[in-house]
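Coordinate inspection notes
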Amino acid sequence: MSDKTGILVHTCPVANEHEARTSWTFLTQHARVLLMISRDPQVRVRDLAAACEMTERAVQAIITDLETAGYLTRTRHGRRNHYRITRHTHFRHPAEADHEIAGFLDLFADLSPPAGAESGRDTHPGNRHGNDHGASS
C-alpha cells in the first residue's frame, strides 16, 4: 500500500499490537511436566494432563522422553508409578548445558500447583489406603 506521497508503506500483519499474545509460553510442556513431577513424585498421568492442559497420551510421551534422556526414572509401587528426578542432570541446549536442572526445579518448587490440579492421590472418602481405583499412570 502507498501513502499520499506515493511511498510504498508496509504494514505489519498483527491486528492490534495491544492484544494479548497467548500462542506461546516461557516453559515447554516438558519443563511443565517435570516441574509437576518434582512437586509430587507419585502424581498420576491423568492429573498431569489436566494440570498441564494436555492429553494423557502427550504426557505419557513426555514422560518417556524425560526417562529416555535420563532426567527421571520410573518405578512401580503397587498400582502406582513413582518418579525420581535426576536433579544433577544438565540442560540439553548448548546455551544452558553448563547448568543442572536442580536450580530450575528449586526456582519453581514453592509455587503452588495450578488451580484444579489434584495432588495425585485419590481423595475418595471410601479410600482409606490412598490407592487410586482407576487406571494407573
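Above: the structure in question.
In this report, the structure presented in the accompanying data block is examined. Because the structure is predicted, anything quoted here is derived from the model rather than measured. One numbering rule holds for all chains: residues counted from 1, following each sequence as written. Given that this is a predicted model, residues contribute local features only at a pLDDT of at least 70 and side-chain atom pairs are listed and counted only at 80 or more, while totals for whole chains, interfaces and linings are drawn from all residues. Where side-chain values are given, they derive from all heavy atoms of the structure, hydrogens and water being excluded.

1. Quick notes on the pairing of strand β1 (residues 72-77)
The test is simple: Strands are labelled as partners when DSSP assigns at least two bridges between them. Helix numbering and strand numbering both begin at the N terminus, where a helix is a DSSP run of H or I of at least 4 residues and a strand a DSSP run of E of at least 2.
Note: β1 against strand β2 (residues 80-85), six bridges, orientation antiparallel. Note that in β2 the partner of Thr73 across the bridge is Arg84. Here β1 hands over to β2 after two residues, with Gly78 in that stretch at a positive phi of 65 degrees.

2. A look at the pattern of salt bridges
Note the cut-off: Salt-bridge detection follows one rule: a side-chain nitrogen of Lys or Arg within 4 Å of a carboxyl oxygen of Asp or Glu. Only protein chains enter the accessibility calculation, which uses a 1.4 Å probe. A residue is then buried if its area is under 20% of the maximum for its type, exposed if over 50%, and partly exposed in between.
Taken as a whole, this structure holds three salt bridges when the rule is applied. Note that Arg44 and Asp47 form a salt bridge whose closest N and O atoms lie 2.9 Å from each other. A relative accessible area of 7% means that Arg44 is categorised as buried. A residue is classified by how much of its surface remains accessible, and Asp47, at 6% relative accessible area, is buried. Salt-bridge contacts for Arg87 lead to Asp106; the nearest nitrogen and oxygen are separated by 2.4 Å. Highlighted residues: Arg87 in the loop between β2 and α4 (101-108) and Asp106 in helix α4, separated in sequence by 19 residues.

3. Quick look at the environment of Thr73
Condition: The criterion used for residue contact is that any of the two residues' heavy atoms lie within 4.5 Å.
When you line up the elements, Thr73 lands in strand β1. Measuring from C-alpha to C-alpha, the distance between Thr73 and Tyr83 comes to 5.6 Å, with 10 residues separating the pair along the chain. Setting aside chain neighbours within four positions, we find Thr73 in contact with Glu67, His82, Tyr83 and Arg84.

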